[in-house]
Amino acid sequence: MLKYDTIKSTDEQFVMQTYKRLPALFVQGAGCTLWDNRGNEYLDMLAGIAVCNLGHCHPAVVSAITRQAQQLIHVSNFGLTAPQAQLAKRLCEISGMDKAFFVMCGASANETALKIAKKHGLAKRPDGDYEIITLHRSFHGRTLGALSATGQRKYQRPFEPLIPGFKHVEANDIPALKEAVGHKTAAIVLEPIQGEGGVLPLTTEFLKTARELCDEYGAFLVLDEVQTGIGRTGEWFCYQIHEVVPDVLCLAKGLGGGVPIGVCLAKGKAADVLEAGDHGATFGGNPLSCAAGLAVLDAVEHYDLRQNAKSVGAYLVESLRALGGPIKTVRGYGLMIGAILDEPIAREIVAKAFDKRLIINATDEYSLRFVPPLIMTHAQVDHAIAIIADVMGLKAPAMAVQASHPTPAKPAYHDILSIDDLSNGQLEEVLDLASFLKQRRKLAPSVITPIEGRSVALVFEKPSLRTRVSFETAIRELGGHPIYLSKADIGMNSRESARDIASNLARWCNMIVARLYWQKDLQLLAEVADVPVVNALTEMEHPCQALADMQTIQENFGQDKVKITYVGDGNNVSRSLAKVATRLGYPMTICGPANFRLEDMPGLTQTDDLEEGLSDAQVVYTDVWISMGDEHEQEHRLKVFDAYQVDARVMEMAAKESIFLHCLPARRGYEVTDEVIDGKQSRIVDQAENRLHAQKALLQLILGL
């Protein structure tokens, strides 16, 4: 076992003593929690100084760097790697910037920005008498250029003389800023919120004035969002709150989820200042760190952590204000909050809170800083406030979390035996996630594996190549382990009862996906098993297919509520699709023989008249006429449905821009002709691919970490 005294002694002997360490040896982290070597549990509201935006050891980051480390850890920047290019594209898309230069930390990102500013200044003023405007109390890093830009003498004195050409003004002092800026100005460098300066936000008016002055004098506006970026303030970037777009944007900290990374983004003229040979960074854009960056962006977006930062941040602000006592001002955005005290006891409070297993930070004797993981909950805020109240000798405020700040609980996902098991909101959530996962799969490496280590039993009483491969691929891509069990393996209700099979599988596996002949057997599995059960097809429903169908329809028509006409049998496929379509507001018609119809449901029209059913239809759908227990009716069904074969004539009855869908495998020459299934209106390959993405979405929402 690691011993605190031993490691502390080793650290003091062999590590330069530039940090004042907390009195604990941290050995493990998860979420908002850290553990020391003695097993003590700490609530972390510092997050590595705004670094661990997803919390400690988030599965998305762990999975991304593990997978990337198995593929490629490092090549020089003379070589091209996918993660760097992909991360640059994603960052430019969400920021509105044009180009990226990757480094390994925030100071290096700021150094890059300063190089851009200085080269631009030299082009403006060849004599070198250009100036860069920054703020008092600012902090831009420990490297020499960034230190020269920093507006705090305590950091600068030991390293004088500094790089000349910097002029400092007070934050939010618009007259002083206007006086300082002129024709000599190459750039204005600002933190939208001064972190080390006591969590002091710049006003919208001040930032807009800076933007206007840069435009007037041909200077670059550089925003240092090393601490405020990547969702910390409730938006991707703090400047989006103020609607003031910079020329240069510096990021680091939260971008890597704990993995070292920094980036300088630029747009317009600023993006073209640096040329080949002007700058370099050996580890900048390293595949490992960029894979982590992609994982962080995906997770912040997928888990809606920007909204969580707003909601929980507002609750933290309200709670601190309600606490009162020495707290005179609370300020900040999202989950970057400062509590300003009326007496110099901030560092004392930090030390006492640590003794009670709460990690917070003081930027000076009067300022407490809170920059927790963006996954922090209202309940964790309550816990932290109770400790702070105890330390300050105050009574904790009675904050009614649910009443004051209702956080919409994510709907619970468990058994999906029928479309009826999904609410309308869940249907939309599954479709949104499926679309996202499809786009994400185009990037390599894939970085989110939210069912890491989970086992999923695939119980297939009725074999299917497409269903098996799409589910096995989905499970593996999400980090899980598929276990395929055929009819011969399980002997459903012959060698073993469905009840016994369900009981055993529930003890071995985390989920059961079942493709069975009868819905009653599926329901029995769900009743007995205490793990989720998902319907991969029964004689009554095919929910996964219906979700893939709707995803395909939305890919072609966006959110337009187009008419869907299903030609053929009122079977399991048409039943599930009709439920999805009508509940989401799509007009749907089933066109087939009168005695092969579905039960009535609101919004569904049924007719035996092809022209009536297909009029204005923009989606034409068919399926096999004989399936799932209907085999004994084959000869009869082939005669009855012959008039409903989808051929070119039938497609002409629908809208001109209509598409054709089919729940494969098709019986070519029976329910559909080759001309249609292979024609330009056919979307059957997209539809088949979307089975993978719809199933991945369901798996992730049911089992996701």
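This one's a predicted model, so the numbers in the text were calculated from it and none came from an experiment. Every chain is numbered on its own, with residues counted from 1 as its sequence reads. Given that the model is predicted, a residue must reach a pLDDT of at least 70 before its local features are reported, and side-chain atom pairs must reach 80 or more before they are shown or counted; all residues, however, enter totals for whole chains, interfaces and linings. Side-chain measures here rest on the full set of heavy atoms in the structure, leaving out hydrogens and waters.

## Overview of the sheet that holds strand S20 (residues 511–515)
One open sheet accounts for four strands, arranged S19-S18-S20-S21; its pairing is parallel. With one partner strand each, in any of the chains shown, strand S19 (481–486) and strand S21 (533–537) form the two edges of the open sheet. Direction aside, the axes of adjacent strands within the sheet are offset by 20° on average. Relative to S20, strand S18 (residues 455–460) runs parallel, the two being bridged by five bridges. The residue of S20 that forms the bridge with Val456 is Met511. One requirement defines pairing of two strands: DSSP has to find at least two bridges between them. Here a strand is any run of E in DSSP of at least two residues, a helix any run of H or I of at least four, and the numbering for each starts at the N terminus. Axis angles are defined between N-to-C directions and span 0 to 180 degrees, where every axis is a line fitted to C-alpha atoms and, for a helix, only to the segment in contact.

## So, the sheet that holds strand S13 (residues 327–333)
Taken together, four strands build an open sheet; the order of strands is S13-S14-S17-S16 and the sheet is antiparallel. The two strands at the open ends of the sheet, each matched to only one other strand, are S13 and strand S16 (361–364). Taken pair by pair, the neighbouring strands of this sheet meet at an average axis angle of 25°, ignoring direction.

## Quick look at the pairing of strand S14 (residues 336–341)
Accessibility here uses a 1.4 Å probe with only protein chains present; expressed as a share of the type maximum, an area under 20% marks a residue as buried, one over 50% as exposed, and anything in between as partly exposed. Extensive coverage of S14 is indicated by the burial of six of its six residues. Both faces of S14 are covered, namely the face carrying Met336, Gly338 and Ile340 and the face carrying Ile337, Ala339 and Leu341. As paired elements, S13 and S14 share six bridges and run antiparallel to each other. Each bridged residue has a counterpart across the sheet, and for Thr329 the counterpart in S14 is Ile340. Counting the residues in the hairpin turn of S13 and S14 gives two residues, including Gly334, whose phi is positive at 55°. Bridging between S14 and strand S17 (residues 367–370) involves four bridges; their strand directions are antiparallel.

## Here's the deal with the packing of aromatic side chains
Pairing of aromatic side chains here covers Phe, Tyr and the six-membered ring of Trp, requires ring centres within 6.5 Å, and sorts the geometry by plane angle: under 30 degrees stacked, over 60 edge-to-face, intermediate tilted. Across all of its chains, the model carries nine aromatic pairs by this definition. Ring geometry for Phe460 versus Tyr484: centroids 5.3 Å apart, planes at 65°, classification edge-to-face. Note that Phe460 is positioned in strand S18 and Tyr484 in strand S19, a separation of 24 residues in sequence. Every member of this aromatic cluster is reached through a ring pair, and the members are Phe26, Tyr42 and Phe354. The side chain of Arg468 reaches across the aromatic face of Tyr484, ending 3.7 Å from its centre. Charge-over-ring contacts are defined here by two conditions on Lys NZ or Arg CZ: a distance within 6 Å of the ring centre and an angle within 35 degrees of the ring normal.

## A few points about helix H20 (residues 519–528)
Among all positions of H20, only Gln519, Asp521, Leu522, Leu525 and Ala526 are buried. On an axial view of H20, the arc spanned by its buried residues comes to 160°, and they lie on one face. Seen from the open side of H20, the exposed residues pointing more than 90 degrees away from its buried face are Lys520 and Glu527. By the convention used here, residues are in contact when the closest approach between their heavy atoms is within 4.5 Å. Against helix H19 (498–508), S20 and S21 lie the buried residues of H20. Relevant arc is that of directions from the helix axis to the C-beta atoms, nothing else.

## Regarding the pattern of salt bridges
Definition used for salt bridges: Asp or Glu carboxyl oxygen within 4 Å of a side-chain nitrogen of Lys or Arg. The tally for this structure, following the rule as stated, stands at 28 salt bridges. For the salt bridge of Arg575 with Glu599, the shortest nitrogen-to-oxygen distance reads 3.1 Å. Of the two residues, Arg575 sits in helix H22 (residues 572–583) while Glu599 sits in the loop between strand S23 (588–591) and strand S24 (604–607), which places them 24 residues apart along the sequence. Given a relative accessible area of 10%, Arg575 falls into the buried group. The network of salt bridges with common partners includes Arg90, Asp298 and Glu301.

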